[in-house]
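Listed here are the chains, written in short residue letters.
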Amino acid sequence: MNIESVKSLFSLFSGEEDTDPYIPMIRLAMKETEKMLLPDADASDIRLDFLSAAIAFYRVRRIMAARDREKFVYAGKMPSSGQDSSAAYAESLLRDYLDLCSGLISSGTFVFMSFSGGKEI
């Protein structure tokens, strides 16, 4: 994996021109992708750059969605009960890249969590 490529892809996904504030999240996503690799997988496969960028984008969107929800509560407004559309888009994008890399990664190492009625699904 190439960090410059991952930064460029993250910028494409997020629309952020300056990726410097997101470098820790990008590095974390790259490490997470490395941990998912199958023993015989080619670590230089370009698909892994896309997956790393998608993971970083997903994590950043989730953080921002949580922060935005917190601002609504603080401002006294009622937070929307629906899922944030940018976070949903990031999750969909990540799922697509997880599928694309299915031959390179172990499938059980990335966990999506959702909650329904207070129970973990």
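Analysis parameters
Residues numbered from 1 in each chain as written. Predicted model: local features only at pLDDT ≥ 70, side-chain atom pairs only at ≥ 80, totals over all residues. Heavy atoms only, no water. Salt bridge = Lys/Arg side-chain N within 4 Å of Asp/Glu carboxyl O. Helix = DSSP H or I, 4+ residues; strand = E, 2+ residues; numbered from the N terminus. Buried < 20%, exposed > 50% of the residue type's maximum accessible area, 1.4 Å probe, protein only. Phe/Tyr/Trp six-rings, centres within 6.5 Å; stacked < 30°, edge-to-face > 60°.

(A) Highlighting the pattern of salt bridges. Tallied over the entire structure, the rule returns five salt bridges. A salt bridge links Arg 47 to Asp 45; the shortest N-O distance between them is 2.8 Å. In this structure, the salt-bridge partner of Arg 95 is Glu 91, at a minimum N-O distance of 2.9 Å. You can see Arg 95 and its partner Glu 91 sitting in helix 4 (residues 85-100), four residues apart, about one turn around the helix. Residue classification places Arg 95 among the partly exposed residues on the basis of a relative accessible area of 38%. For Glu 91, a relative accessible area of 17% puts it in the buried group.

(B) Seen up close, the packing of aromatic side chains. The full count for this structure, using the stated rule, is five aromatic pairs. For the ring pair Phe 10 and Tyr 22, a centre distance of 5.2 Å and an interplane angle of 45 degrees mean the geometry is tilted. Taken as a pair, Phe 10 in helix 1 (residues 3-14) and Tyr 22 in the loop between helix 1 and helix 2 (23-36) lie far apart in primary sequence, twelve residues in all. Using a relative accessible area of 13% as the deciding quantity, one classes Tyr 22 as buried. An aromatic cluster is defined as three or more aromatic residues linked by ring pairs; in this entry it consists of Phe 13, Phe 50, Phe 57, Tyr 89 and Tyr 97.

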